[in-house]
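Given next are the chains, with one letter for each unit.
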Amino acid sequence: MSINPGTLLPEVVDVNICDRAVIDTDDPADLVFVLLARGRLADAAELAAAARIADPDSFRLQLLDVDILRATKHTQHAVDRLKLLAAAVAGTFTESWVHQQLGKVHFCAGNYPAAVRSFATVLDQRVTCGADAAAGSACRGCR
């Protein structure tokens, strides 16, 4: 997989590796991610909805839902969902992931000042928590 620099969405680079990864996982979030990367947005949305019924609190599935909204140009809905999610995880190490997604949504919508603010928040949170700011690893000092 690779991230398209123009859309900040995942895309498949090596189909064979991608196909093997799908075979090797039973995690629905992995499958949603692959469908999204392949541009099969309706299939990704359907699988994500089914997976969220089974695991409604899955943070990863919630972020993938937002990626699907972003890919389908439902920007305001994506922003609204992320603001609710940010409030729910405020003060935790996962909060920076929400702001990162928010930055991507703003970037894709062409709202570059808001994207910069979101990405700056991510960096600040990760540095404050003692995480690797570049790699996006979990914060060590936050709960």
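Numbering of residues starts from 1 in each chain and follows the order in which that chain's sequence is written. Confidence filtering applies because this is a predicted model: local features only for residues at pLDDT of at least 70, side-chain atom pairs given and counted only at 80 or more, and all residues used for totals across whole chains, interfaces and linings. Note that water and hydrogens are dropped before the side-chain values are worked out from all heavy atoms of the structure.

A. How the structure looks around the overall build of the protein chain. Helix and strand assignments come from DSSP, with helices taken as H or I runs of at least 4 residues and strands as E runs of at least 2, each series counted from the N terminus. Tallying secondary structure elements over the protein chain gives seven helices and two strands in all. Of the regular secondary structure in the protein chain, the N- to C-terminal order runs β-β-α-α-α-α-α-α-α. It is over C-alpha atoms that the radius of gyration is taken, and the globule rule equals 2.2 Å times the number of residues to the power 0.38. Computed over its C-alpha atoms, the radius of gyration of the protein chain comes to 15 Å, within 12% of the 15 Å expected for a compact globule of 143 residues. Evaluated residue by residue, the protein chain yields a buried proportion of 39% over its 143 residues. Note on areas: Shrake-Rupley, 1.4 Å probe, and residue coverage restricted to the protein chains presented here. Working note: accessible area of the protein chain is about 7900 Å², and carbon and sulfur atoms make up 59% of it. A residue counts as positive if it is Lys or Arg and as negative if it is Asp or Glu; His and the chain ends are not included. Lysine's charge is taken at NZ, arginine's at CZ, aspartate's at CG and glutamate's at CD. Here the protein chain carries 14 positive and 17 negative side-chain charges, and the mean point of each set is 6 Å from the other. Note on exposure labels: buried denotes an accessible area under 20% of the residue type's maximum, exposed denotes more than 50%, and partly exposed covers the range between, all computed with a 1.4 Å probe on protein chains only.

B. Quick peek at the environment of Val-89. Its location among the elements puts Val-89 in the loop between helix H5 (75–88) and helix H6 (95–108). For Val-89, a relative accessible area of 12% translates into the label buried. Considered as a pair, Val-89 and Asp-14 are 75 residues apart in the sequence and their alpha carbons are 35 Å apart.

C. Expanded view of the packing of aromatic side chains. Under the pairing criterion, centres of Phe, Tyr and Trp rings, with the six-membered ring standing for Trp, must be within 6.5 Å; the plane angle then separates stacked pairs below 30 degrees from edge-to-face pairs above 60, leaving the rest tilted. Applying the stated criterion across every chain yields a total of one aromatic pair. Residues Phe-107 and Tyr-112 carry aromatic rings whose centres are separated by 5.5 Å and whose planes lie at 65 degrees to one another, so their mutual orientation is edge-to-face. By relative accessible area, Phe-107 is classed as partly exposed at 23%. Charge-over-ring placement is defined geometrically: NZ (Lys) or CZ (Arg) within 6 Å of the ring centre, and within 35 degrees of the ring normal. Across from the ring centre of Trp-97, 4.8 Å away, lies the NZ or CZ of Arg-126, which sits over that ring.

D. Focus on the nonpolar core. Working definition of a nonpolar core: buried Ala, Val, Leu, Ile, Met, Phe, Trp, Tyr and Cys residues. They are joined through side-chain atoms within 4.5 Å. Counting residues in each nonpolar core, the largest one holds 13 residues, and the members touching the most others are Phe-59, Leu-82, Leu-85, Val-98 and Val-105. Of all the elements in the fold, those that place two or more residues in this core are helix H4 (59–71), H5 and H6. It is H5 that provides the largest number of residues to this core, a total of five residues. Contacts between residues were defined by any pair of non-hydrogen atoms, one from each residue, lying within 4.5 Å. Aside from chain neighbours lying at most four places away, what touches Phe-59 is Leu-85, Val-89, Thr-94, Trp-97 and Val-98. The next biggest cluster of nonpolar side chains, apart from the first, holds twelve residues, and it includes Leu-9, Leu-36, Ala-51 and Ile-68.

E. Geometry of the pattern of salt bridges. The salt bridge definition used is simple: a Lys or Arg side-chain nitrogen within 4 Å of an Asp or Glu carboxyl oxygen. By the definition in use, this model includes seven salt bridges. Residue Arg-60 is joined to Asp-27 by a salt bridge in which the shortest nitrogen-to-oxygen separation is 3.1 Å. On the criterion of sequence distance, the pair formed by Arg-60 in helix H4 and Asp-27 in the loop between helix H1 (15–23) and helix H2 (28–37) is long-range, its members being 33 residues apart. Across the salt bridge formed by Arg-60 and Asp-30, the nearest N and O atoms sit 2.6 Å from each other. Of the two residues, Arg-60 is situated in helix H4 and Asp-30 in helix H2; the sequence distance between them amounts to 30 residues. Taking the relative accessible area as the measure of exposure, Arg-60 reaches 37% and is therefore partly exposed.

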